[in-house]
Amino acid sequence: MDTKRSEKSTKAPLLAIIPFFFALIFFAAWSFVDADNEYSEAEARYLAQRPNINFEHLDWTISGLEDYAVDQFPARSQFLKAYSRLELLQHKTFTRDVFVEGDWIFSRTYAMTGKGLEAFENDRREFVTATESVAARGIPTVFAMLPVKNYLVEIEPSLHVDDASEANRQKYLAAFDGSSVLVSDIAGAMAEQDEATRMSQWYATDFHWNGDGAYAAAEQLLSDMADAGIMPSVELSDLVERSEWDAEYHGDLSRRFSYLIPETQPVVVYAPKDVSGMRYYKSLDSSESVERSKIVAAGEGEPVVDYGSAYTLNFACYRVENANAAGDMRVVVFKDSLENAMTDILSAVFSELVVVDVRFEQPADVDAILADADAAVFIFHQNNNAPDTSKFVLGK
């Protein structure tokens, strides 16, 4: 009797292990037969590829194989989608550093402390120095301080934690007090709008705003520049027109849930009324123009778009020339991704717009970029101290 019970207790673990063992063999074989994926849309990152075997550095090889096995696991995207579905079924409101409230997704904003705060403040001081170094060249210089989504949109106060954005805005205003750099406090101006307007300007499933938010920001920026005598006044509504695309929008935050949370806001785009005189170039010194869709509105007519394809794609440096612009000005823009939805609007105003984003690669020399500039505009949100841009401008 005891012997039989002992045999049963020994077989039970084996019965559990054997299917698991065969499953491992199956998935391993599948991974070698199936073609490797280069990019994960769900995670917005490139996946590890099969490493070269290096017998002199086996630790590198083993680490590479581990990353490869995880990234190239068969049906990885399907498993991620199933996991996201399970999270939503459990009504998790905060997961993977974002939280969900109804149709809206937010990325939580934290106040920094300790060494992190010290480094953050150092980056702010360097940013101020960088902008003032441009102004010292005799170029009218503007800091366009954009808002972040959490600062303007609040769905559920008990969940919506943003204890840093207003403090950062105030610190920027204090840092530029008495500076030769003009501060266009777009974040503060847009906060004065009513709640319904603020909500209508942002995608529910993205970090980013839609065309209505970008238009309001551009209008404020241009008004402040005109008031400072940097440029003549313009009536922006005479230069650009609003449209809504019939497309499904894939927001960056929805990507974290395998796009299972659909976007409820329309895809709002503003474009110049007259594009006949516009030419687009993928670099500062290129003399060969490219089609508009290679830089702007690449997703027009497509059934599915994201922030980049709805507005402008990301390049280290590109420029737009407009022979029919409202003003004859060469304006250099240093920016983060929120500016993407503003490029098409600003290019209707200025005869040449040079857009620089150093997050992707080192663009041309800063002296060449700023040569003959009639104005330089730093367009960054209130929580972005843009250390890469500061170092580039200061030649570090």
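(A) Structural detail: the overall build of the protein. Secondary structure summary: the protein contains 14 helices and 16 strands in total. A total of 396 residues make up the protein; the buried ones form 46% of that total. Restricting the contact set of the protein to residue pairs at least 6 apart, pairs at least 24 apart contribute 73%. Summing over all exposed atoms, the protein offers an accessible surface of approximately 19900 Å²; the carbon and sulfur share of this is 53%.

(B) Structural detail: the layout of surface pockets. Approximately 680 Å³ is the volume attributed to the largest pocket. In terms of lining, the largest pocket is formed by 31 residues, of which the most central are Thr109, Val148, His381, Asn383 and Asn384. Put simply, the parts of the chain that give the lining of the largest pocket at least two residues each are β5 (104-107), α4 (114-135), α5 (149-152) and α6 (165-175). Split into classes, the residues belonging to the lining of the largest pocket amount to 15 nonpolar, nine polar and seven charged.

(C) The packing of aromatic side chains, seen in detail. A full pass over the atoms with the stated rule returns 14 aromatic pairs. Judged by centre distance (5.2 Å) and plane angle (55°), the rings of Tyr307 and Tyr311 are tilted. The burial state of Tyr307 is the same as that of Tyr311; both residues are buried. Across the ring face of Tyr172, the terminal group of Arg124 is positioned such that the distance to the ring centre comes to 4.9 Å.

(D) Region of the structure containing the sheet that holds strand β11 (residues 278-281). Read from one edge to the other, the open sheet built from seven strands follows the order β7-β6-β16-β14-β15-β13-β11, with strand pairing classed as mixed. The open sheet is flanked by β7 (182-184) and β11, the only strands paired with a single partner. Across the sheet, the mean angle from the axis of one strand to that of its neighbour is 20°, orientation sign disregarded. Summarising the sheet, strand β13 (residues 317-322) and strand β15 (residues 350-356) pair through five bridges and their orientation is antiparallel.

(E) Broad picture of the pairing of strand β16 (residues 375-381). Taking burial as the measure, the seven residues of β16 include seven buried ones, the bulk of the element. Of the two faces of β16, the one lined by Ala375, Val377, Ile379 and His381 and the one lined by Ala376, Phe378 and Phe380 are each fully buried. In terms of strand pairing, strand β6 (residues 141-146) meets β16 through six bridges, oriented parallel. Along β16, the bridge assignment pairs Val142 with Val377. Bridge count for strand β14 (residues 327-335) against β16 is five bridges, and the pairing is parallel. Pairing of Phe334 across the sheet is with Phe378, part of β16.

(F) Layout of the pattern of salt bridges. For the structure shown, the criterion picks out 15 salt bridges. In this structure, Arg137 and Asp367 form a salt bridge, with 2.9 Å as the shortest nitrogen-oxygen distance. Taken as a pair, Arg137 in the loop between α4 and β6 and Asp367 in helix α13 (residues 366-370) lie far apart in primary sequence, 230 residues in all. Since its relative accessible area comes to 41%, Arg137 is described here as partly exposed. The partner of Arg242 in a salt bridge is Asp212, and the shortest N-O contact between them spans 2.9 Å.

(G) Representation of the nonpolar core within the structure. By size, the foremost hydrophobic cluster in this structure holds 61 residues, and its most contacted members are Trp209, Leu221, Met225, Met342, Phe350, Val377 and Ile379. Considering each element in turn, this core owes the most residues, nine residues, to helix α9 (residues 211-227). Ignoring sequence-local partners within four residues, the contact set of Val377 consists of Val142, Ala144, Leu221, Met225, Val331, Val332, Val333 and Phe334. Core analysis: the second largest hydrophobic core is formed by 28 residues, Cys317, Phe334, Ile369 and Phe392 among them.

Procedures and definitions
Residues numbered from 1 in each chain as written. Predicted model: local features only at pLDDT ≥ 70, side-chain atom pairs only at ≥ 80, totals over all residues. Heavy atoms only, no water. Helix = DSSP H or I, 4+ residues; strand = E, 2+ residues; numbered from the N terminus. Buried < 20%, exposed > 50% of the residue type's maximum accessible area, 1.4 Å probe, protein only. Contact = heavy atoms within 4.5 Å. Areas by Shrake-Rupley, 256 points an atom, 1.4 Å probe, with all protein chains shown as cover. 1 Å grid on protein atoms, 1.4 Å probe; cavity = no way out; pocket = protein on both sides within 12 Å on 5 of 7 lines; lining within 4 Å. Points joined across faces, edges and corners; volume = space filled by probe spheres on them. Nonpolar A, V, L, I, M, F, W, Y, C, P; charged D, E, K, R; others polar. Phe/Tyr/Trp six-rings, centres within 6.5 Å; stacked < 30°, edge-to-face > 60°. Lys NZ or Arg CZ within 6 Å of the ring centre and 35° of its normal. Pairing = 2+ DSSP bridges. Axes fitted to C-alpha atoms, helices over the stretch in contact; angles between N-to-C directions. Salt bridge = Lys/Arg side-chain N within 4 Å of Asp/Glu carboxyl O. Core = buried A, V, L, I, M, F, W, Y, C linked by side-chain atoms within 4.5 Å.

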